[in-house]
Amino acid sequence: KAGVTQTPRYLIKTRGQQVTLSCSPISGHRSVSWYQQTPGQGLQFLFEYFSETQRNKGNFPGRFSGRQFSNSRSEMNVSTLELGDSALYLCASSLNRDDEQYFGPGTRLTVT
Amino acid sequence: GQQVMQIPQYQHVQEGEDFTTYCNSSTTLSNIQWYKQRPGGHPVFLIQLVKSGEVKKQKRLTFQFGEAKKNSSLHITATQTTDVGTYFCAGLTSGTYKYIFGTGTRLKVLA
């Protein structure tokens, strides 16, 4: 079974730009969660999608948004990038929200 | 807000020594998961605990969930160099139903 894939793997953007990250979950998994990982703050929950609906949201500003498509693939968007948005963005898929999560390799975003 | 604290932050052990990391939540959890992240890698699921007082073992790893479902521990017996990495707990909060990750314990094993 193929694992969770994320594209792109690395990204360099300039302050003020916007970025879209993509995540393809494991086949059959309908729950997709996004996390931001930084050395200072650890792993922080961004949002969770299930069957195209956002079921839960973390404490991030409105510049962070996401969506899920009918094939369970998910995208997250960050607008008006700030230096502090530099992080590893991880996507995780699971069958249901209280099941084990399978993480993708992440997208390393650097904002200059 | 809801927090999951994990101690210690770092642990260096000699190969063959035991290692334990502890997780404490400010609120009751529906379940707790444990993950391992190797340097440069992504978190990999180890185990999930659901019941109060539950204990699970995986070879040299022993996981416990507290009676009040607010704390958990991971114990590794006789560490090996392959155990190197950061261990995270992730608690599913009962009310808001989101996973809160612990701060992680970075384990170094000296050969």
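Nothing here was measured: the structure is a model prediction, and the numbers come from that model.

Caption draft 1: View of the overall build of chain B. The secondary structure content of chain B amounts to 0 helices and 11 strands. The N-to-C order of helical and strand elements in chain B reads β-β-β-β-β-β-β-β-β-β-β. Taking 111 residues into account, the globule formula puts the C-alpha radius of gyration at 13 Å, and chain B, at 13 Å, falls close to it. Judged by the C-alpha coordinates and their principal axes, chain B covers about 45 × 25 × 20 Å. Evaluated residue by residue, chain B yields a buried proportion of 48% over its 111 residues. Long-range contacts, defined here as pairs at least 24 residues apart, represent 55% of the contacts in chain B between residues at least 6 apart. Surface exposure of chain B reaches about 5,400 Å², of which carbon and sulfur atoms provide 51%. The averaged location of the 6 negative side-chain charges in chain B is 9 Å from the averaged location of its 12 positive side-chain charges.

Caption draft 2: Layout of the interface of chain A and chain B. Residue-level contacts link 16 residues of chain A with 15 residues of chain B. Carbon and sulfur atoms supply 54% of the area that chain A and chain B bury against each other, a total of about 1,400 Å² over both sides. Taken together, the connections running from chain A to chain B amount to 0 salt bridges. Taken together, the connections running from chain A to chain B amount to 8 residue pairs in polar contact (both at pLDDT 80 or more). Elements with a minimum of two residues in the side of chain A that touches chain B: strand 4 (31-38), strand 5 (42-50) and strand 6 (53-57) of chain A. Classifying every residue of the side of chain A that touches chain B gives 6 nonpolar, 5 polar and 5 charged.

Caption draft 3: Examining the sheet that holds strand 3 (residues 19-24) of chain A more closely. All names here are of chain A. Taken together, 4 strands build an open sheet; the order of strands is 1-3-8-7 and the sheet is antiparallel. Every interior strand has two partners, whereas the edge strands, strand 1 (5-7) and strand 7 (64-68), have only one. Shown here is a sheet whose adjacent strand axes are inclined to one another by a mean of 20°, direction ignored. As paired strands, strand 3 and strand 8 (residues 74-78) are joined by 5 bridges and run antiparallel to one another.

Caption draft 4: Region of interest: the sheet that holds strand 6 (residues 55-58) of chain B. Residues and elements named next belong to chain B. Strand order across the open sheet formed by 5 strands is 1-3-8-7-6, with antiparallel pairing between neighbours. Edge positions in the sheet fall to strand 1 (4-7) and strand 6, since each has one partner strand and no second. Across this sheet, the average inter-strand angle for adjacent strands is 15°, counted without regard to direction. Two elements, strand 1 and strand 3 (residues 19-25), share 4 bridges in a ladder whose sense is antiparallel. Bridge pairing in strand 3 links Q6 to C23.

Caption draft 5: View of the environment of A:G16. All names here are of chain A. Along the chain, G16 turns up in the loop between strand 2 (10-13) and strand 3. Taking the C-alpha atoms as reference, G16 lies 4.1 Å from T80; in sequence the two are 64 residues apart. Residues contacting G16, with those up to four places away along its chain left out, are T80 and L81.

Caption draft 6: Spotlight on the state of the cysteines. Scanning the entire structure with this criterion turns up 2 disulfides over all chains. The residue that forms a disulfide with A:C23 is A:C91, at a sulfur-sulfur distance of 1.7 Å. Taking the sign of the S-S torsion, -45° for the link of A:C23 and A:C91, the bridge is left-handed. Remark: A:C91 occurs in strand 9 (residues 87-94) and A:C23 occurs in strand 3; sequence separation between them is 68 residues. Residue class for A:C23 comes out buried when judged on its relative accessible area of 0%. Of the residues examined, A:C91 reaches a relative accessible area of 0% and is grouped as buried. Between B:C23 and B:C89 runs a disulfide, and the two sulfur atoms are separated by 1.5 Å. Here the disulfide of B:C23 and B:C89 is left-handed, its torsion about the S-S bond being about -75°. Taken together, the residues span a long stretch of sequence, with B:C23 in strand 3 and B:C89 in strand 9 (residues 85-93) at a distance of 66 residues.

Criteria and thresholds
Residues numbered from 1 in each chain as written. Chains lettered and ligands numbered in written order. Predicted model: local features only at pLDDT ≥ 70, side-chain atom pairs only at ≥ 80, totals over all residues. Heavy atoms only, no water. Helix = DSSP H or I, 4+ residues; strand = E, 2+ residues; numbered from the N terminus. Rg over C-alpha atoms; globule rule 2.2 N^0.38 Å. Buried < 20%, exposed > 50% of the residue type's maximum accessible area, 1.4 Å probe, protein only. Contact = heavy atoms within 4.5 Å. Areas by Shrake-Rupley, 256 points an atom, 1.4 Å probe, with all protein chains shown as cover. Lys, Arg positive; Asp, Glu negative; His and termini not counted. Charge placed at Lys NZ, Arg CZ, Asp CG, Glu CD. Buried area = accessible area lost by both parts, 1.4 Å probe. Salt bridge = Lys/Arg side-chain N within 4 Å of Asp/Glu carboxyl O. Polar contact = N/O pair within 3.5 Å; in protein donor to acceptor, adjacent residues only side chain to side chain. Nonpolar A, V, L, I, M, F, W, Y, C, P; charged D, E, K, R; others polar. Pairing = 2+ DSSP bridges. Axes fitted to C-alpha atoms, helices over the stretch in contact; angles between N-to-C directions. Disulfide = S-S within 2.5 Å.

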